[in-house]
Amino acid sequence: MAYLRSLGIGASVARAALAWVRRDPHAAELHRTNFQGRTVTLAGGPALAAGATLGAAAGATTGRLAAAALTAGAVSGAVGFYDDIVGNRPEQKAAKGFAGHLGALREGRVTSGLVKIAGVGAAGLVASALIGSSRPGRFGRGVDVLLGAGVIAGAANFVNLLDLRPGRAIKAGLILGAPLAVGRHASMAAGTLSAGAALLPADLNEEIMLGDAGANALGALLGVTLTARTSTSGRLAALAVLGSLTAASEKVSFTKVIGDTPWLRYVDELGRRPPSS
């Protein structure tokens, strides 16, 4: 019953939130031009964040897990949305990557990107502390909490790194999250993924884009479920993989890798609107 409830809540809230944001009098301020030169709306981001967060919370088996999902999803979505809006300003665009945001801070400027990084990190730490660990490793609960925080923040960042083409981030979330939708805490993952699945057609058709709000929330919530299912060794392994992928993204274009790999390119383009002529 909890599984079906989380599925229904995630999908229905995402669709309702998207319709509500689109009807807002200021909805035009969310319009952006995508890589094809088409006008899309960032409304997909807060819609996905809302649906995935409430869907995951509805599927939680304890109050602490529900609080962890609400914290990670809502805060990651909120600071991501802040960066989507404020980061579009000319004075913000100069700072690129973590090093760029730190450089701006040394000059006395707090960038929207730095706010996002700090917000996602803090949300991951709080969420991980709420989750705790049912099987603490030899280094104790504190290390488990730090590892979990890294997994949650790292997953949020990784999904965001993939959000460069229509549908890519949601597809990645669905593929990576599918194993989490079976077994322990599966209802949390199901609620998260149902929100993404509900918005995937609009994303593929280039009607919406997720932006940092949607991609960060999607990744953070999958990170919450993964953290809830793993002990020290599992969290350490997940963090190592996420850290390696993040480091690789500084040197290698994921878009180029996908484009040069036939099966990845097929999955990436599947269902996507044809390019403009």
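The coordinates are above.
Summarised in this report is the structure supplied together with it. (Residues numbered from 1 in each chain as written. Predicted model: local features only at pLDDT ≥ 70, side-chain atom pairs only at ≥ 80, totals over all residues. Heavy atoms only, no water.)

1. So, a nonpolar patch on the surface
Residues Tyr 3, Leu 4 and Leu 7 make up a contiguous nonpolar surface patch of roughly 270 Å² in combined accessible area. Along the chain, the position of Tyr 3 falls in helix H1 (residues 2–23). (Patch = residues over 30% accessible without salt bridge, like charges linked within 9 Å, V, L, I, M, F, W, Y side chains within 5 Å. Areas by Shrake-Rupley, 256 points an atom, 1.4 Å probe, with all protein chains shown as cover. Salt bridge = Lys/Arg side-chain N within 4 Å of Asp/Glu carboxyl O. Helix = DSSP H or I, 4+ residues; strand = E, 2+ residues; numbered from the N terminus.)

2. What to know about the side chain of Thr 227
Along the polypeptide, Thr 227 turns up in helix H10 (residues 211–229). A polar contact is formed between the side chain of Thr 227 and the backbone oxygen of Gly 223, at a distance of 2.8 Å. Excluding its chain neighbours within four sequence positions, the residues that come into contact with Thr 227 are Ser 128, Ile 131, Gly 148, Val 151, Ile 152 and Arg 235. (Polar contact = N/O pair within 3.5 Å; in protein donor to acceptor, adjacent residues only side chain to side chain. Contact = heavy atoms within 4.5 Å.)

3. Examining unusual backbone geometry
In this structure, His 185 takes a positive phi of about 60 degrees despite not being glycine. Among the secondary structure elements, His 185 is positioned in the loop between helix H8 (168–177) and helix H9 (186–204). Residue class for His 185 comes out buried when judged on its relative accessible area of 17%. (Buried < 20%, exposed > 50% of the residue type's maximum accessible area, 1.4 Å probe, protein only.)

4. Focus: the side chain of Asp 84
The residue Asp 84 is located in helix H3 (residues 63–86) in this model. For the buried Asp 84, no salt bridge is present, and the opposite-charge side chain at shortest range is Lys 116, 7.0 Å distant. Apart from residues no more than four positions distant in its own chain, Asp 84 is found in contact with Arg 32, Leu 42, Leu 210, Gly 211, Asp 212 and Ala 213. (Lys, Arg positive; Asp, Glu negative; His and termini not counted.)

5. As for the pattern of salt bridges
When the charged atoms of two side chains with opposite charge come close together, those side chains can pair. Considering all chains together, one arrives at seven salt bridges under this definition. Arg 38 serves as the salt-bridge partner of Glu 206, at 2.8 Å between the closest nitrogen and oxygen. Pair noted here: Glu 206 is in the loop between H9 and H10 and Arg 38 is in the loop between strand E1 (31–33) and strand E2 (39–41), with a separation of 168 residues, a long-range link. Between Asp 268 and Arg 272 there is a salt bridge, with its nearest N and O atoms 3.0 Å apart. Three or more residues are tied together by salt bridges with common partners; here these are Asp 83, Lys 116 and Asp 212.

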